[in-house]
Amino acid sequence: MKDFIFEKQKFFSSIKRQFSKPWDYTSKRSHYPNSQVTLVLGSQWGDEGKGKLVDQIANEYDIICRFNGGNNAGHSVVTTINGKKIKLGLHLFPCGALHENTVNLLGNGTVIHIPSLFEEVKLIEDIGINALSRLLISSHAQIVPDLFQLIDGLEENEKSLGVAKKIGTTRKGIGVTYAMEKDRIGLRVGDFYGIHNDVIQKMQFEEQLSSLIRICKGRFNYLLDPKFCSKEDRRKWDEYTNIKRAMDRYTKYSKILSNHNTVINTMDYLNDAIKKFGKKILIEGANGVLLDTEYGTYPYVTSSCTLSAGICTGLGIPPRLLKKIDFNVIGVAKAYQTRVGEGPMATELPKEENTEMALKGGEFGVTTGRQRRCGWLDIVALKYSHQLNEFDQLILTKLDILSGYDTVKLGVGYRLKNGQTLHKTIPIDNSNYDDLEVIYETLPGWKEDITGIRSFEDLPINAQNYVRRIEKLTGIFIRWIGVGPDREETIEKLH
Ligand code: IMP
């Protein structure tokens, strides 16, 4: 593995920054864009526009990493190549995709559906940008077999019949994969990597795979009930439980990945990159803080740690190392609020206004195409998110979508049925949401189209007041404001 790192040095020397000079990692650098490690996290329920920010600042960094989740996440990145505007929907490939001088890394905390990853690689390479040769995958990351995606979907179908609480998952097999990992029967990328030219490893992997399929057949056979399993799903089940098919596919993947030296011990690699070589690391969170398994609106959550804490386990970077370097956490918050899937959302608008906001904001999922639920910005949830992550600054995205409203609202408190009011934390018990009353502050709106504005002082005064009020209520500095989908449609606010 060590040798591999130095082989990658050759790669680095061919790109902008050299991976060679020793670095005193204890010397601090100033904040963004020079922080040595910058983390970008969605502060709400995902889809806040992290992808645009990461894509926008990726050029300042050497290595762009994902630490959690899989292809349940969706990032749209927009760029112009040869005068042509191109929009890419990425799910797994980190958002350094379009910056050829970056290495893109999937950490051990991620879960990887290999065929989907290859589809994204193709998308990127089809627009003339190298992708596979710039990708590194942790040998410890879990694989999402096709079968787990099918099980995820069938479980959702079953839950829809009222057997249990439907989550509204993305059906990408995320929960099933993390559950199998915790049950210690999951498969890791390092398990199949190399099987194309190592007979013993191939036999071992086949054994692992056969036993996993046997266990799945035993545990999930009930899901083949025609009440929730269509004929097509039944056909897929037979296909995905076919060991020969699976072995053939993983052998092919192993060959492709090893041709590009893609699978490594990313913990070693990242720690060396930070400590020995002073490389700059940009980490993008997937999903959103309020979807965290432990701290989100459980059970309506995803199955990984979506918090800043997750980078330590999901990438193998120790907390004390982060203390020694310049580490910067950027929270991404939409100027209003959206959620996909089931689960409570205190500030959700009634149907008609909800659809109006969704249409104005183009709120349709990148991963599933579902219409997102919309509502006013929830300050209580944002403060809670800040408490869990200690953001250094925020980017407030999609402020332009609020143009045209006579008034805009901020949800500043929750009044529960028992009379209790909450101002900085969300209720742990979802039943509290049933009779919850949101305390709103109403501010005057603005009518102007703000997409062409590039300086904070040029925004309509009511838009400026809206931003300043959010800062005051949350205590978080808003550094950037998104006023449109393109990279340049962002206002940098210096104070
Ligand atoms: P899962 O992560 O596919 O298991 O889905 C669990 C819940 O998280 C569902 O409500 C999904 O809609 C939601 N979810 C997962 N990833 C994202 C994301 O990137 N953006 C928004 N919602 C997400």
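Residues numbered from 1 in each chain as written. Predicted model: local features only at pLDDT ≥ 70, side-chain atom pairs only at ≥ 80, totals over all residues. Heavy atoms only, no water.

Draft legend 1. Fine view of the packing of helix 4 (residues 146–160) against helix 7 (residues 199–220). Two numbers describe how helix 4 lies on helix 7: the axes approach to 12 Å, and their chain directions differ by 10 degrees. Regarding the angle of helix 4 to helix 7, the classification is roughly parallel. Two secondary-structure elements touch here, helix 4 through Leu147, Phe148, Ile151 and Glu155 and helix 7 through Leu212, Cys216 and Phe220. Classifying every residue of the contact of helix 4 with helix 7 gives 6 nonpolar, no polar and 1 charged. (Axes fitted to C-alpha atoms, helices over the stretch in contact; angles between N-to-C directions. Helix = DSSP H or I, 4+ residues; strand = E, 2+ residues; numbered from the N terminus. Parallel < 35°, antiparallel > 145°, perpendicular 65-115°, else oblique. Contact = heavy atoms within 4.5 Å. Nonpolar A, V, L, I, M, F, W, Y, C, P; charged D, E, K, R; others polar.)

Draft legend 2. Inspection of the confidence of the model for the chain at higher detail. Per-residue confidence for the chain gives a mean pLDDT of 92, with 93% of residues at or over 70. Confidence over residues 1–7 falls short of pLDDT 50; this stretch has 13 contacts with residues more than four positions distant or in other chains. Contacts for the low-pLDDT stretch residues 12–23, under 50 throughout, to residues beyond four places or in other chains number 36 contacts. (pLDDT = per-residue confidence, 0-100.)

Draft legend 3. Representation of the pattern of salt bridges within the structure. Following the criterion strictly, the structure yields 26 salt bridges and no others. For Arg415, the salt bridge is made with Glu437, and the minimal N-O distance between the two is 3.2 Å. On the criterion of sequence distance, the pair formed by Arg415 in strand 16 (residues 407–415) and Glu437 in strand 18 (residues 437–444) is long-range, its members being 22 residues apart. Residue Arg415 is classed as partly exposed on the basis of its relative accessible area of 34%. With relative accessibility at 43%, the residue Glu437 sits in the partly exposed group. Arg479 is paired through a salt bridge with Glu492; the nearest N and O atoms lie 2.9 Å apart. Here Arg479 is found in strand 19 (residues 478–482), whereas its partner Glu492 is found in strand 20 (residues 490–492), with 13 residues between them in sequence. Via salt bridges that share partners, Asp146, Glu232, Arg235, Glu239, Arg245 and Arg249 belong to a single interconnected network. (Salt bridge = Lys/Arg side-chain N within 4 Å of Asp/Glu carboxyl O. Buried < 20%, exposed > 50% of the residue type's maximum accessible area, 1.4 Å probe, protein only.)

Draft legend 4. Highlighting the UniProt feature "active site" (unreviewed entry) in the chain. The sites that UniProt annotates as "active site" (unreviewed entry) are Asp47 and His75. The annotated residues occupy 29 residues of the chain but converge on a single region, no pair of C-alpha atoms lying more than 7.6 Å apart. For Asp47, the location among the structural elements is in the loop between strand 1 (37–42) and helix 2 (50–57). The exposure class assigned to Asp47 is partly exposed, which follows from its relative accessible area of 21%. (UniProt positions renumbered as here; feature names shortened; annotations may be inferred.)

Draft legend 5. Region of the structure containing the packing of helix 4 against helix 8 (residues 231–240). Two elements in contact, helix 4 and helix 8, have axes whose closest approach is 9 Å; the angle formed by their N-to-C orientations is 150 degrees. Comparing their axes, helix 8 and helix 4 come out roughly antiparallel. Our pair here, helix 4 against helix 8, has a crossing hand that is left-handed. Contacts from Asp146, Leu147, Leu150, Ile151, Leu154 and Asn157 in helix 4 reach Asp233, Lys236, Trp237 and Tyr240 in helix 8. Taken together, the residues of the contact of helix 4 with helix 8 break down into 6 nonpolar, 1 polar and 3 charged. (Left-handed = near helix turned anticlockwise from the far one by under 90°.)

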